[in-house]
Amino acid sequence: MIGEHEIRIDTEVNGAAVSTTVPSHLLLIDFLRDRLELTSVKRGCDVEVCGACTVLVGGLPVSSCCYLTADVDGKSVQTCEGMGATPEGARLQDAFLEHGALQCGYCTPGMLMAALSLVRRSPDASDEEIRQYMSGNLCRCTGYSKIVDAVRTGLGRGPGRVGQAPTRAS
Amino acid sequence: MRPFGLLSPETVEEAAALLEEFGDEAVICAGGTELVLLLKFGLADPAVLVRLDRLGLDGIEQAEGLLRLGATVTHSGASGSSVVQAALPLVATALSNIANPRVRAVGTLGGNICFAEPHSDLSALFVLHEAVAVLSTGAEERRVEVGDFLTGTLSTSRRDEEVLVAVEVPHPPPRTAGGYARFVIGERPNVVVGCSLEVDPSGAISRARLVVGCAGPTPVRIPAAEDLLCGVAIDGKELDTAIPEAAATCAARCEAHDEDDLSGWYKRKLVQALSRRSVSSALERARELSVR
């Protein structure tokens, strides 16, 4: 008995039930992009550092480039394609547009997924907590300040800018 | 990456039997945040992954004088636990510093120490707290202090058929204050110093513990530096010399090998500065405790 190489998974992706078999070594990013054509999921560094490939599994952010598809069995998966269906997801998407929080757009899906998980786990996150949490996602266009502003708006906080250079204080 | 068998045993006995049966061909996979990377780059090529998800190792339990952290508890699960935050605030902080939110959501405590990557805050903090690794084959359970469990870079004393099932962390004794300082490049902590001070009723340090992590292959205690702090009053003038001397001793006595991004020489400079900071931070907490 060598163990199954073809794994049966029963999962829910963006609210839709998905039941299928996948090779044991199939990475989640490849399953989502190639099998389900959810191409919002981007391959960036491929070593779980940049966050471009972030998706939510069971509500938690994961690096889909380093996550086995087999591990979504019995859990829900969310990508950007499913964000608009929830009020907090739609609000974040609008906030990113409003603030112009994307340039090339490559890091954006990962940023949105990270922001969505933050909104859910820490709806009262402070500006510092936003920065800390979002620092796990990299943007090569260095659009960071507007991204942080957008997350702040997505958290339902009023106008006011997070994205200012810190002053040299005490 | 070639396909592998995925096995999810229902008991630790079964897991141990599988590990024995498959030997080198099997690897334990918990969260997979380290292992999947190795598989992708061909640095590991097992025929079989033994999963731990059905073994019920994801609990956090209070026991007599200690907190038992299940091996498959995730970093964010532990750092978010009010029980861990209350009993082991430094460990909770270290956990919330690991890598990024995705690694914290999926990576496990057990996986972190079994992988034994030197650049681990968690290992250093576990050694500071005299935490104990609990290893099991189902039939037999063995306890080893984490400091002894970690034997070198990517190396532990886990036997092939054993599963790490929990880490038991003793509650710090009353009148104990801790501090910890770290230096990080990107996601990698390069130097970490943890300090724990027990203060007697007269306001003098009765017991000190200093651990340097990440700079060498494993976390190391620096007893010579600890001795310099013992007997010193937490409000006394002696601190003006004791702290710098302890910091210098940590820098001189720790292990600090050259690496691509930091030389051993530079790491020692960091150890000196971070030792001073973590001792000062522990002292500050100690003074708060004695005022209350």
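Residues numbered from 1 in each chain as written. Chains lettered and ligands numbered in written order. Predicted model: local features only at pLDDT ≥ 70, side-chain atom pairs only at ≥ 80, totals over all residues. Heavy atoms only, no water.

**Here's the deal with the interface of chain A and chain B**
- Contacts between chain A and chain B engage 29 residues on the former and 25 residues on the latter.
- Here chain A and chain B share an interface that buries about 2,200 Å² over both sides, 64% of which is from carbon and sulfur atoms.
- Taken together, the connections running from chain A to chain B amount to two salt bridges.
- At the boundary of chain A with chain B, the tally comes to ten residue pairs in polar contact (both at pLDDT 80 or more).
- The element best represented in the side of chain A that touches chain B is strand S4 (residues 60–63) of chain A, accounting for four residues.
- Residue composition of the side of chain A that touches chain B, grouped by class: 16 nonpolar, nine polar and four charged. (Contact = heavy atoms within 4.5 Å. Buried area = accessible area lost by both parts, 1.4 Å probe. Salt bridge = Lys/Arg side-chain N within 4 Å of Asp/Glu carboxyl O. Polar contact = N/O pair within 3.5 Å; in protein donor to acceptor, adjacent residues only side chain to side chain. Helix = DSSP H or I, 4+ residues; strand = E, 2+ residues; numbered from the N terminus. Nonpolar A, V, L, I, M, F, W, Y, C, P; charged D, E, K, R; others polar.)

**Focus: the packing of aromatic side chains**
- Considering all chains together, one arrives at one aromatic pair over all chains under this definition.
- Between Trp265(B) and Tyr266(B) the ring centres are 6.2 Å apart and the planes differ by 35°, which places this aromatic pair in the tilted class. (Phe/Tyr/Trp six-rings, centres within 6.5 Å; stacked < 30°, edge-to-face > 60°.)

**Quick look at the domain arrangement of chain A**
All names here are of chain A.
- We note that the domain assignment places domain 1 (6–81) and domain 2 (83–154) within chain A.
- Its C-alpha centre places domain 1 at a distance of 20 Å from the equivalent point of domain 2.
- Domain 1 puts 17 residues into the contact, and the matching count from domain 2 is 16 residues.
- The junction of domain 1 with domain 2 conceals about 1,200 Å² of combined surface from both sides, 59% of it contributed by carbon and sulfur atoms.
- Applying the counting criterion to the domain 1 and domain 2 interface returns zero salt bridges.
- Viewed at the interface, domain 2 and domain 1 are joined by five residue pairs in polar contact (both at pLDDT 80 or more).
- If one sorts the elements of the side of domain 1 that touches domain 2 by residue count, strand S3 (residues 54–57) sits on top with three residues. (Domains from an automatic or database assignment.)

**Some details on the state of the cysteines**
All names here are of chain B.
- What the rule picks out here adds up to zero disulfides over all chains.
- You can see Cys195 has no disulfide; the closest cysteine sulfur is in Cys250, sitting 8.5 Å from it.
- Cys250 carries a free sulfur, and the closest cysteine sulfur to it, the one in Cys254, is 7.6 Å from it.
- We classify Cys250 as buried; its relative accessible area is 0%. (Disulfide = S-S within 2.5 Å. Buried < 20%, exposed > 50% of the residue type's maximum accessible area, 1.4 Å probe, protein only.)

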